[in-house]
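Examining the three-dimensional arrangement
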Amino acid sequence: METPCSKWDIREKVWEHLEASGLAEFPRPVRGRIPNFKGAPRAAARLLALPEFQAARRVKINPDAPQRNARFLTLEARKTLLVPTPRLRTGLFNRIVPPPGATKEILRRCATSQGVRDYSVPVGLEGKAQVDLVVVGSVAVSEKGWRIGKGEGYADMEYAMMVSMGAVQEDTPVVTIVHDCQVLDIGEELVDDHDLSVDYILTPTRTIQTNCKRPKPRGIMWHKVSSEMLGKIPILKTLRCRERQAGKDVTLRDEHPALAKANRAAISNKVMTANTHPRPAPGSAPVGQPHVENDPANPKLGGSDTVTTVCVGNLPGRLRVSELKGALRELQVIPVGLSWQGAQHRAFLHYRDQGTAHRAVASLQGLSLGGSALRAELAQSQGSKGPGESDGHK
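Residues numbered from 1 in each chain as written. Predicted model: local features only at pLDDT ≥ 70, side-chain atom pairs only at ≥ 80, totals over all residues. Heavy atoms only, no water.

With that out of the way, let us pick up the overall build of the chain. Assigned secondary structure in the chain consists of 12 helices and 17 strands. Scored against the burial criterion, the 394 residues of the chain give a buried share of 52%. Within the chain, residue pairs in contact and separated by at least 24 positions form 70% of the contacts whose partners lie at least 6 positions apart. Carbon together with sulfur atoms contributes 50% to the accessible area of the chain, which is approximately 18,300 Å² in total. (Helix = DSSP H or I, 4+ residues; strand = E, 2+ residues; numbered from the N terminus. Buried < 20%, exposed > 50% of the residue type's maximum accessible area, 1.4 Å probe, protein only. Contact = heavy atoms within 4.5 Å. Areas by Shrake-Rupley, 256 points an atom, 1.4 Å probe, with all protein chains shown as cover.)

What follows covers helix α12 (residues 354–364). Buried residues of α12: T356, A357, A360, V361, S363 and L364, and no others. Following α12 by one or two positions, G366 adopts a phi angle in the positive range, close to 80°.

With that settled, the discussion passes to the side chain of N69. Position of N69 relative to the elements: it lies in helix α4 (residues 68–76). Side-chain polar atoms of N69 contact the backbone oxygen of P41, separated by 3.0 Å. Contacts of N69, omitting those with residues within four sequence positions, involve P41, A44, A45 and R108. (Polar contact = N/O pair within 3.5 Å; in protein donor to acceptor, adjacent residues only side chain to side chain.)

Relative to the helices and strands, K216 resides in the loop between β10 (207–209) and α8 (227–232). Judged by its relative accessible area of 13%, K216 is buried. When near neighbours in sequence (up to four residues on either side) are disregarded, K216 contacts Y159, T172, V174, L196, S197 and D199.

Our focus in this paragraph is the environment of E12. Examined against the element boundaries, E12 turns out to sit in helix α1 (residues 7–20). Put simply, E12 and R31 are 19 residues apart on the chain and 7.4 Å apart in space, counted from C-alpha to C-alpha.

The subject of this paragraph is the environment of R240. Mapped onto the secondary structure, R240 falls in helix α9 (residues 234–245). Residues R240 and I220 lie 20 residues apart in sequence; the distance between their C-alpha atoms is 8.9 Å. Discounting chain neighbours no more than four positions away, the residues touching R240 are W222, L230, V250, T251, L252 and E255. A distance of 3.0 Å separates a polar side-chain atom of R240 from the backbone oxygen of V250.

Counted residue by residue, strand β14 (residues 346–351) has six buried out of six residues, so it is predominantly covered. Sheet analysis places strand β12 (residues 308–313) next to β14, joined by six bridges and oriented antiparallel. Across the sheet, residue T308 finds its bridge partner in β14, namely Y351. Counted along the chain from strand β13 (residues 337–341) to the antiparallel partner β14, the turn is four residues long, and its residue H345 has a positive phi close to 60°. (Pairing = 2+ DSSP bridges.)

What sets the pattern is the α-helix's 3.6 residues per turn: residues three or four places apart point alike. Listing the buried residues of helix α11 (residues 321–331) in full gives V321, E323, L324, G326, A327, L328 and L331. Within two residues after α11, Q332 carries a phi angle of roughly 60°, on the positive side.

Our next topic: the packing of aromatic side chains. All chains considered together, the criterion is met by one aromatic pair. The aromatic ring of W8 is capped on one face by R11, whose charged end is 4.5 Å from the ring centroid. One cation-aromatic arrangement involves K79 over F53; the distance from NZ or CZ to the ring centre is 5.0 Å. (Phe/Tyr/Trp six-rings, centres within 6.5 Å; stacked < 30°, edge-to-face > 60°. Lys NZ or Arg CZ within 6 Å of the ring centre and 35° of its normal.)

With that out of the way, let us pick up the sheet that holds β10. Taken together, eight strands build an open sheet; the order of strands is β4-β3-β2-β1-β5-β8-β9-β10 and the sheet is mixed. Looking at strand neighbours, the two that pair on one side only are β4 (120–123) and β10, the edges of this open sheet. Recorded for the sheet is a direction-independent mean angle of 25° between the axes of neighbouring strands. Relative to strand β8 (residues 174–177), strand β5 (residues 133–136) runs parallel, the two sharing three bridges. Along β8, the bridge assignment pairs V136 with T176. Contacts between helix α7 (residues 154–165) and the sheet are confined to β1 (58–61), β2 (80–84), β3 (93–96), β5 and β8, with β1 contributing the most and set at about 150° to the helix. (Axes fitted to C-alpha atoms, helices over the stretch in contact; angles between N-to-C directions.)

This paragraph deals with the confidence of the model for the chain. Mean pLDDT over the chain works out to 82, with 81% of the residues at or above the 70 mark. With pLDDT under 50 throughout, residues 264–300 is counted as low confidence; its partners more than four residues away or in other chains account for 69 contacts. Of the regions scoring below 50 in pLDDT, residues 382–394 engages in 29 contacts with residues more than four places distant in sequence or in other chains. (pLDDT = per-residue confidence, 0-100.)

Moving on, we get to the environment of R68. Residue position: R68 is located in helix α4. Residue R68 is classed as partly exposed on the basis of its relative accessible area, which comes to 35%. In sequence terms R68 and A40 are 28 residues apart; their C-alpha atoms lie 8.5 Å from each other. Apart from the residues lying within four places of it in its own chain, the contact partners of R68 are A111 and T112.

Right under this line is the structure:
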């Protein structure tokens, strides 16, 4: 079976390419970030030609470095600039309020991360903020509008919260600003229902209208929110209370019986991994040793092209195959095959049934195992071009 390509593979390719090609800009390294790049101000300047930007009165723009010029241009156009609070710790938005008679130089300062802190006023839930245009950062994006962020889910959550607040509508346009090399082919099978798609892609050389028909998130998907995330984002608690009072199902991911059981198993696994020299278990392999097997209770993978693969990442250093298999049994998402790549801190789970694969992603994403929060997503089985390859978007 060909090694699948996951969202994390794509992120790593983009980050590596930006650094290796000399395109990366401060802050460095770009790995783990919404990457800043040479030509970002030129890409952002393409906002000015968008009719949607010209008509917008209130623009929400993320606080990352590549969008700094977009924030400045919004202020210079005398529009209301809304910036999400870092990691949503103290609310959802800050409104940037330049001092009276602000010069261009002061507006540029207001557009920096320090300026966002110095010249901002919090916008509470009672403020009933309306947003006419959304600008987000991306690590990678496709011409079809599929977007990949840095992997923490904050842009997706911000949008879902705006929907919940009534701040955005179905037709509110979403724009992303990236380098040309970040525009890649992304398989739709990697796109989840909570992922935010984009309507426009701005690069230093092109304005791409995606005409994306995929629906954007229609609100907060509480079954994908963990208690840990709820604790980290106070505004989520308020929104959850509102939606519960409105009669909506606000059951959290780890409040579902099957997942609660899995978390108990994860605690047990933490104890197992605390031993610095655990004895090898049958069918287990330490990190660094490849391990590929089929489940004996299921048909072998053979050459079937109907297998759905799940990529599980962020596996802790001393985790063994047997411990992961134990968690999969507890979750009742046993794969027909498992490909272990310990040196890369990941494993690929192969499923005959697509529904089980989707349940595996929902169950494993964010699950604490051996002291690490796992990352899980559907893998792309076909090859994917990396940044700088012959795809017409160098």
